[in-house]
Structure formats: structure tokens, C-alpha cells
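Fold and contact review
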Amino acid sequence: MIQSFWNKHAQGYSQLIRSDLQSNKVEKWQHFIFDEIDNTVSLNILDIGTGPGFFPAILTSDTRKVTGIDLSDEMIKVAKENLKKLGIDATIIKQDCQETDFQEASFDVLICRNLVWTVPNPEKAYREWYRLLKPNGQLLIFDGSWYSHHFHEDAKKRFDEKAKELQEKYNLIAHNYGDKTTDPEDFDMMNALYLSDKRRPEWDKTCLENIGFTVTKIEENYLDRILDEQEKQYRTDIAPVFFIKAIKK
Ligand SMILES: C[S@@+](CC[C@H](N)C(=O)[O-])C[C@H]1O[C@@H](n2cnc3c(N)ncnc32)[C@H](O)[C@@H]1O
């Protein structure tokens, strides 16, 4: 089900990513990531759930080898096309992030944006990622609690307040992830996913620490560092987002 969902959305997603690749977001993301990793040494980086290939496109260099993995054939196709057009030499392969073919301790850095929420067994995935990292290797996770307002009163209150403000100030309708009537496909997805009703990033922190990671940073609303003022004001996607950094000790 997940695979066909992403196959279907590959072209549209790729358009968004291509537009981001032409924007000042590239530099902002690079600054963000290079503040977190030791960029003075050669690095073997894995981008997990690479989608249309944004991170391989902005992180590959003479000293940084980037491999992108994805489960969707269509995403792999668009990622390869995008990287070829940009003349970027990154490896893109099909792998399930919960169980990969890579050898233990293959990577210095794992990066993953907007994937964990859709993984059927995130604990299995985190265990696999621990295996893939070298000792002291770093895991950077960017994700969001897209459906929390359907499950938790406090999250619903925050969501409704933000939605009201958006409507009153800018006459914009908030994107209501998981809405049964306006977006039945998203509703089905919400009900199928393990993490939809979990409190995050708390769930992730506990899970990562139980596996052996040291969680060194959690930053809510990390997109404030990426989006410009206008984008922040007009953003209809108001679900909470977060960044987690964890190290394999
Ligand atoms: C929302 S997209 C994010 C793409 C990219 N990380 C980005 O931020 O531009 C989620 C991606 O994760 C991929 N994905 C979903 N489940 C996966 C799995 N089990 N293993 C590998 N990739 C997966 C999807 O095919 C999709 O390309």
C-alpha cells in the first residue's frame, strides 16, 4: 500500500523538490546539516527514503559520498533523472529501510526526512539504522506529527487555533491531514500507520535510547530555520515538525 502511494505521488513530489533545488533552500539546508556533522573529514552518507533525491543533490561532493535508498520504483526513477540532469554522481538504489543489504557499520551519517511517519515498523527501522552506522556515527531525522490532532486533545486544540489564525489573517484553509471526507486516501493511510497516534518526538527518543543511541538534540519547528518569512506566514501545512539528532555510542 505504502509503495503504491509513493509511486503515485512521485511526479508531483519531484516537481516540488526540483523547485526547492533552484531556491535558497539549498544553502539553508546545507548550513543546517553542516552545523550538525563534521564536514572536515570524508563522509559516507546514506539518505534514507531519498524520494526525488534532494539530499544526494545538495550533499554530494569530492569528500562526501551519498547513497540514496527508496522503496518506490517511481521515486527511484525520478531521483535518478533529477541527479543526472544536475550532473551529480550519487548512488540510488531500491531498499526497504527496515531491512537493508548493507554491511554493518557502513556509514558515517544517516539522514532521513519525512519518512519515519510512514514506516510500518519504525522500531525495526531504527534498529537497522543503528547497525548501519559506524561507532560515533550520526543519525539526523526530520519528521512531523501529521496526524496527532486526530488523536490527542492538546494537539487538536493547537491545530484548531493555528487553523483559525490562518483563516482570519490570510483567508487560507489549513491542510487537514487524515481528513476522511476531503482526502479519503490520506485517511486510510493514517489508520494503517503505526506512528499516527504516537506522541512524537517523545516516542522516537525512547525507542532510539532503548536501542543504544544517544539522543543529543531535539528541535521542534526546525523549519523556522529553512523557510523565509513569507513562506512561514502562508504555510497551510500546520502540523508540528521536529528534528532529532542521535549518535551511535
Ligand atoms: C515524503 S517522501 C520524502 C522524500 C525525501 N526524503 C524528501 O524529504 O524529499 C517519503 C519517501 O520515503 C519512501 N519510503 C517509504 N517507505 C519506505 C521504506 N520502507 N524504505 C525506503 N523508503 C521508503 C517513499 O517511497 C518516499 O519516497
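Presented here is a report on the structure given in the accompanying data block.

**Side note on the overall build of the chain**
Looking only at helices and strands, the chain has nine helices and seven strands in total. For the chain, the C-alpha radius of gyration of 18 Å lies close to 18 Å, the compact-globule estimate for 249 residues. Viewed in the frame of its principal axes, the chain has a C-alpha envelope of about 50 × 40 × 35 Å. Residues counted as buried form 50% of the 249 residues belonging to the chain. Accessible surface, the chain as shown: approximately 12,500 Å² in total, 48% of it carbon and sulfur.

**A look at the sheet that holds strand β3 (residues 91-94)**
Within a sheet, each strand pairs with its neighbour through backbone hydrogen bonds, oriented either parallel or antiparallel. With mixed pairing, seven strands are arranged side by side in an open sheet as β3-β2-β1-β4-β5-β7-β6. Single-partner strands in this sheet number two, and they are β3 and β6 (213-220). Neighbouring strand axes in the sheet, compared pairwise and without regard to direction, differ in orientation by 15° on average. Strands β2 (64-70) and β3 of the sheet are contacted by helix α4 (residues 73-86), whose axis makes an angle of about 170° with β3.

**Examining the pattern of salt bridges**
Note on pairing: side chains with opposite charge can pair once their charged atoms come close. If you walk through the whole model with that rule in mind, you get 23 salt bridges. One salt bridge connects Glu161 with Lys157, and the closest N-O pair in it is separated by 3.7 Å. With a gap of four residues between them, Glu161 and Lys157 both fall in helix α6 (residues 153-170), about one helical turn apart. One salt bridge in this structure joins Lys198 and Asp197, with 2.8 Å as the shortest N-O distance. The structure contains a network of salt bridges with shared partners spanning Asp20, Lys25 and Glu231.

**Describing helix α7 (residues 184-192)**
Of the positions making up α7, those classed as buried are Asp186, Met189 and Met190. Mapping the buried residues of α7 onto a view down its axis gives an arc of 100°, with all of them on the same face. Looking at the packing, one finds that the buried side of α7 touches α1 (2-21).

**Overview of the site of the ligand**
Among the 17 residues in the neighbourhood of the ligand, the closest are listed as Gly49, Asp70, Asp96, Cys97 and Arg113. In this structure, an oxygen atom belonging to the ligand sits 2.5 Å away from a side-chain N or O atom of Asp70. The side chain of Arg113 places a nitrogen or oxygen atom 2.6 Å from an oxygen atom of the ligand. Surface burial for the ligand is 98%, taken as the share of its 600 Å² of free accessible area covered by protein chains.

**Quick notes on unusual backbone geometry**
The omega torsion of the bond from Arg200 to Pro201 falls at 10°, within 30 degrees of zero and hence cis. The phi torsion at Asn114 lies on the positive side, around 55°, for a residue other than glycine. By relative accessible area, Asn114 is classed as partly exposed at 21%. Non-glycine residue Asn171 carries a positive phi angle of around 55°. In this fold, Asn171 is placed in the loop between α6 and α7. The class of Asn171 is exposed, set by a relative accessible area of 62%.

**Some remarks on the pairing of strand β1 (residues 43-48)**
Taken across its six residues, β1 has five buried, putting it largely inside the fold. Pairing of β1 with β2, which is carried by six bridges, proceeds in the parallel orientation. Across the sheet, the residue bridging to Asn44 is Lys65, located in β2.

**Examining the packing of helix α5 (residues 122-132) against helix α8 (residues 202-211)**
At a minimum axis distance of 10 Å, the contact between α5 and α8 shows a crossing angle of 45°. Of the possible angle classes, the one that applies to α5 and α8 is oblique. As for the relative orientation of α5 and α8, their crossing is right-handed in sense. Residues Pro122, Glu123, Tyr126, Arg127 and Tyr130 of α5 lie in contact with α8, whose contacting residues are Trp203, Asp204, Cys207, Leu208 and Ile211.

**Structural notes on the side chain of Lys25**
By the secondary structure assignment, Lys25 is in helix α2 (residues 25-36). With a relative accessible area of 10%, Lys25 lands in the buried category. At 2.5 Å, the side chain of Lys25 and the side chain of Glu231 are in polar contact. Those residues within four positions of Lys25 in sequence are excluded, and the remaining contacts are Asp20, Ile226, Leu227 and Glu231.

Reading the values: the criteria
Residue positions are given per chain, counted from 1 along the sequence in the order it is written. Selection of residues for local features in this predicted model requires a pLDDT of at least 70, selection of side-chain atom pairs for listing and counting requires 80 or more, and totals for whole chains, interfaces and linings are taken over all residues. Derived side-chain values reflect all non-hydrogen atoms in the structure, with water molecules and hydrogen atoms excluded from consideration. Put simply, DSSP H or I for four residues or longer makes a helix, DSSP E for two residues or longer makes a strand, and each gets a number counted from the N terminus. Computation of the radius of gyration draws on C-alpha atoms alone. For the globule rule, the value is 2.2 Å times the number of residues to the power 0.38. Burial here depends on accessible area, computed with a 1.4 Å probe over protein chains only, as a share of the maximum for the residue type. Under 20% is buried, over 50% is exposed, and the range in between is partly exposed. Surface exposure here means Shrake-Rupley accessible area, sampled with a 1.4 Å probe, where a residue is shielded only by the protein chains that are shown. The pairing criterion for strands is at least two bridges between them, as found by DSSP. Every axis in this analysis is a line fitted to C-alpha atoms, fitted for helices over the stretch in contact. Angles between the N-to-C directions lie between 0 and 180 degrees. Residue contacts follow a heavy-atom distance rule, with two residues in contact if any of their heavy atoms lie within 4.5 Å. The salt bridge criterion pairs a side-chain nitrogen of Lys or Arg with a carboxyl oxygen of Asp or Glu, the two atoms within 4 Å. The arc refers to the directions leading from the helix axis to the C-beta atoms. Near, as used in this document, describes a residue that has one of its heavy atoms within 4 Å of the molecule or strand being considered. Two N or O atoms count as a polar contact when they lie within 3.5 Å, although within protein this holds only if one can serve as hydrogen donor and the other as acceptor, and sequence-adjacent residues are included solely when both atoms are side-chain atoms. Roughly parallel refers to an angle under 35 degrees, roughly antiparallel to one over 145, roughly perpendicular to one between 65 and 115, and oblique to any angle outside these ranges. Crossing chirality is assigned from the near helix's rotation relative to the far helix, an anticlockwise turn below a right angle marking it left-handed and a clockwise turn marking it right-handed.

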